[in-house]
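Summary of structural features
Here's the letter readout for the chains.
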Amino acid sequence: MSEAPILLTPGPLTTSARVKAAMQRDWGSRDPGFVALSTRTVERLRTLAGADESCVCVPLQGSGTFAVEAMLGSLTRPDERILVLANGAYGRRIVEICRRIGRQVEVYEVAETQTHDPAEIARRLELDPGLAAVAAVHCETTSGLLNPVPEIAAVVARAGRRLLLDSMSGFGALPVDMSGMDIAAVAASSNKCLQGVPGLSFVICRRADLGTRKGVAPSLVLDLEAQAQGIEADGQWRFTPPTHVVAALSEALDELDEEGGPEARLARYSRNCRTLVDGMAALGFETALDPARQAPVIVSFREPGEAWFDFTTFYDALCARGFAIYAGKMRDVGTFRVGTIGAIDSIVIERFLDCARAVVTEMKQKLIR
Ligand SMILES: Cc1ncc(COP(=O)(O)O)c(C=O)c1O
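Residues numbered from 1 in each chain as written. Predicted model: local features only at pLDDT ≥ 70, side-chain atom pairs only at ≥ 80, totals over all residues. Heavy atoms only, no water.

Focus: the pattern of salt bridges
Inclusion rule: Whenever Lys or Arg places a side-chain nitrogen within 4 Å of a carboxyl oxygen from Asp or Glu, that contact is recorded as a salt bridge. Helix and strand labels come from DSSP, where a helix needs a run of H or I of at least four residues and a strand needs a run of E of at least two; each type is numbered from the N terminus.
Summed over the entire model, instances satisfying the criterion amount to 26 salt bridges. Across the salt bridge formed by R81 and D128, the nearest N and O atoms sit 2.2 Å from each other. With R81 in strand β3 (residues 81-86) and D128 in the loop between α5 (118-127) and β5 (131-137), this residue pair connects regions lying 47 residues apart in the sequence. One salt-bridge network, in which partners are shared between bridges, spans R77, D79, E80, R162, D209 and R213.

Quick word on the environment of M280
Cut-off, in case you're wondering: Relative accessibility thresholds used throughout: buried, under 20% of the residue-type maximum; exposed, over 50%; partly exposed, between the two (1.4 Å probe, protein chains only). By definition in these notes, contact holds between two residues if any of their heavy atoms fall within 4.5 Å.
Looking at where M280 falls in the secondary structure, it is placed in helix α11 (residues 261-282). Residue classification places M280 among the buried positions, given a relative accessible area of 0%. Once the C-alpha coordinates of M280 and R357 are considered, the two residues, 77 residues apart in sequence, prove to be 8.7 Å apart. Look past the residues within four positions of M280 in its chain and what remains in contact with it is F285, F301, F336, F352 and L353.

Remarks on the packing of aromatic side chains
Aromatic ring pairs are defined here through the distance separating the ring centres and the angle between the ring planes. Here is the rule: Any Phe, Tyr or Trp ring, taking Trp's six-membered ring, that has another such ring centre within 6.5 Å forms a pair; planes under 30 degrees apart are called stacked, those over 60 apart edge-to-face, and the others tilted. Distance and angle both matter: a charge sits over a ring if NZ of Lys or CZ of Arg is within 6 Å of the ring centre and within 35 degrees of the ring normal.
With the rule as written, the count across this model stands at 14 aromatic pairs. Ring geometry for F285 versus F314: centroids 5.7 Å apart, planes at 35°, classification tilted. Of the two residues, F285 is situated in the loop between α11 and β11 (298-302) and F314 in helix α12 (residues 311-320); the sequence distance between them amounts to 29 residues. By the burial criterion, F285 is buried, and F314 matches it. Grouping aromatic residues by their ring pairs yields a cluster made of F285, F301, W308, F309, F311, F314, Y315 and F336. Directly above the ring of W27 sits R25, whose terminal nitrogen or CZ lies 3.7 Å from the centroid.

Thoughts on the sheet that holds β5
Backbone-to-backbone hydrogen bonds pair the strands of a sheet. The strands run either parallel or antiparallel. Test applied: Whether two strands pair comes down to DSSP finding at least two bridges between them. Axis definition: a line fitted to C-alpha atoms, over the contacting stretch in the case of helices. Angles run 0 to 180 degrees between N-to-C directions.
Sheet architecture is open: seven strands sit in the order β2-β10-β9-β8-β5-β3-β4, paired in mixed fashion. Of all strands in the sheet, those bounded by a partner on one side alone are β2 (55-61) and β4 (105-109). Taking each pair of neighbouring strands and ignoring which way they run, the sheet shows an average axis angle of 20°. As judged from the five bridges shared by strand β9 (residues 185-189) and strand β10 (residues 200-206), these two strands associate in the antiparallel manner. Bridging across to β10, A188 finds its partner in F202. Its contacts with the sheet place helix α3 (residues 64-75) against β2, β3, β5, β8 (162-166), β9 and β10, and it is angled at close to 160° to β9.

Things to note about the domain arrangement of the protein chain
We apply this condition: For the purposes of this description, domain bounds are those given by an automatic or database domain assignment. By buried area we mean how much accessible surface two parts lose on assembly, using a 1.4 Å probe and totalling the loss over both.
Once the domains are mapped, the protein chain shows domain 1 (6-10 + 261-368) and domain 2 (17-258). Computed over C-alpha atoms only, the centres of domain 1 and domain 2 are separated by 28 Å. Taken together, the 25 residues of domain 1 in the interface contact 28 residues of domain 2. Here domain 1 meets domain 2 over a buried area of about 2,200 Å², counting both sides, of which 56% is carbon and sulfur. With a closest N to O distance of 3.1 Å, R331 and E109 form a salt bridge. When residues of the side of domain 1 that touches domain 2 are traced back to their parent elements, those giving at least two are α11 and β11.

A short note on the site of the ligand
Quick reminder of the rule: Here a residue is near a molecule or strand as soon as one of its heavy atoms is found within 4 Å of it. Distance and chemistry together define a polar contact, namely a pair of N or O atoms within 3.5 Å, with one atom able to donate a hydrogen and the other to accept it when in protein, and with adjacent residues in sequence counting only for side-chain atoms on both sides. Areas reported here follow the Shrake-Rupley algorithm with a probe of radius 1.4 Å; residue values treat only the protein chains shown as occluding.
Around the ligand lies a shell formed by S63, G64, T65, Y90, R93, V137, C139, T141, D166, M168 and K192. Between an oxygen atom of the ligand and a side-chain N or O atom of T65, the distance comes to 2.5 Å. At 2.4 Å, a side-chain N or O of T141 approaches an oxygen atom of the ligand. About the coverage of the ligand: the protein hides 86% of its 390 Å² of free accessible area.

A word on the packing of α3 against helix α4 (residues 89-100)
Our working definition: Angles below 35 degrees are treated as roughly parallel, those above 145 as roughly antiparallel, those between 65 and 115 as roughly perpendicular, and all remaining angles as oblique. Each crossing is labelled by how the near helix is turned from the far one, with a counterclockwise turn of less than a right angle marking it left-handed and a clockwise turn marking it right-handed. Gly counts as polar in this scheme, as do all residues outside two lists: the nonpolar Ala, Val, Leu, Ile, Met, Phe, Trp, Tyr, Cys and Pro, and the charged Asp, Glu, Lys and Arg.
Running from amino to carboxyl end, α3 crosses α4 at an angle of 55°, the nearest separation of the two axes being 10 Å. Relative to α4, the element α3 lies oblique. Judged by the sense of rotation from one axis to the other, the crossing of α3 with α4 is right-handed. The residues of α4 that touch α3, namely those facing T65, V68, E69 and L72, are R93, I94, I97 and C98. A breakdown of the residues in the contact of α3 with α4 according to their chemical character gives five nonpolar, one polar and two charged.

Quick notes on the nonpolar core
Here is the rule we go by: Among buried residues, the Ala, Val, Leu, Ile, Met, Phe, Trp, Tyr and Cys ones that are joined through side-chain atoms within 4.5 Å form a nonpolar core.
Counting residues in each nonpolar core, the largest one holds 48 residues, and the members touching the most others are F171, M178, I183, F202 and I204. Take this core: its biggest share by element is eight residues, from helix α10 (residues 243-259).

In C-alpha cells:
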C-alpha cells in the first residue's frame, strides 16, 4: 500500500498516530469500560461548548449531516417556523433538510462571499412572530467564510428566539460559548477541528428544549430526546455505538487539552492559514474571500483563468507528491480549496507550498513545450 497523502481537506483530515492507535482495541458496546469512556467523552464535549448542566450533549452514530437533521427535527415542532441564514451549500442544506422533514422555513440568503446583516435578521424576526428559531452555519465550509456568530446570537436572543448553530467545521477551534453567547443548540462532528476520525456527530442543547418537544422528531434514529433518554439512563447508546470512533475521539480530546484547548488550536490553524495564503499569493493564487471573513479552517482559491491550469492535473500532481487538496464548491466562481486543520503545522504547509511551486512550474512548462 502506498503511503497515504496528507489531507489538506476539511475532514476527514489528517489525524495523529496516537488517535489512530486508539482504535486498535475492540470494545463491547455494553462493556462498563466503554460506557465510562463514552460518558466521559460526551461530558467533555458539553464542557467544550461552554454549556452548563442545564444542557446535554447527545451523540449520534453518523456524519455531521445526521446531527444537523436531528437538531432541526428534534428542537422544532412542525408549527414552529425557522429562519435559515444561508450563504453557502451548508446553509442551503439546512433548507433542504427542513423541507424534507416538514419544517417551514424562511430563507435569508446572501452571496457566498458576504455575511448577513444583523439589522435585517432583527427586522425579519420582528415582522414574523411565527419564526421560533434561527438556523445558521458557523464556518461555511463551501468557501471558508466565518459567519459572525456572536452578533447573530445577540440579535436572535434580543428577539427572544433560539439559535440553532451548525458549527461542524468550527467546533474545537472557533469559539463556541453556549452560555456566554446565548446559543440554544450546536451541532458538530468528531472529524473536523476535534481531529478525531469520522463516524460520530453530536448536538449540544438545553434539556428543557428537548423535554418540551418530546415525540416531535420525524425520525426514530435522529430523535435527540429519545437518544438522550437512553444515554442518560445508563450511559448506553440506543443502537450500536461507533466504539472505535469514540475511543479515537477520547484520545483526540486529550490531545486538544494538551495543546492548550480551542484557543491554542485556533492559533495553530491561524498560523497554518497565514503561511498558506502568503505562500499561494507568491505563486499567483488569489483567495476568493475578503481576508476579514476568512476562517482559518479552509481557504478557497480562485482557479487561474489561464491555459496552463487544470484542476484535475493540479490535484493529481499534488497527490503524487503526498498532499490531497479539495475541489471548490462555490456557486458563482471557479475555486479549489486547501484545508488548514488537522494534525498539521505550518512546516507541513511549507512543504505543501514547495510541492505546489514545483507543480505550477511543471504545468506551465508543459504548456510552453
Ligand atoms: C458546515 C458544515 N455543515 C455540515 C456538514 C456535513 O457534514 P458531513 O459531510 O459529515 O455529513 C459539513 C461537512 O463538511 C460542514 O462543513
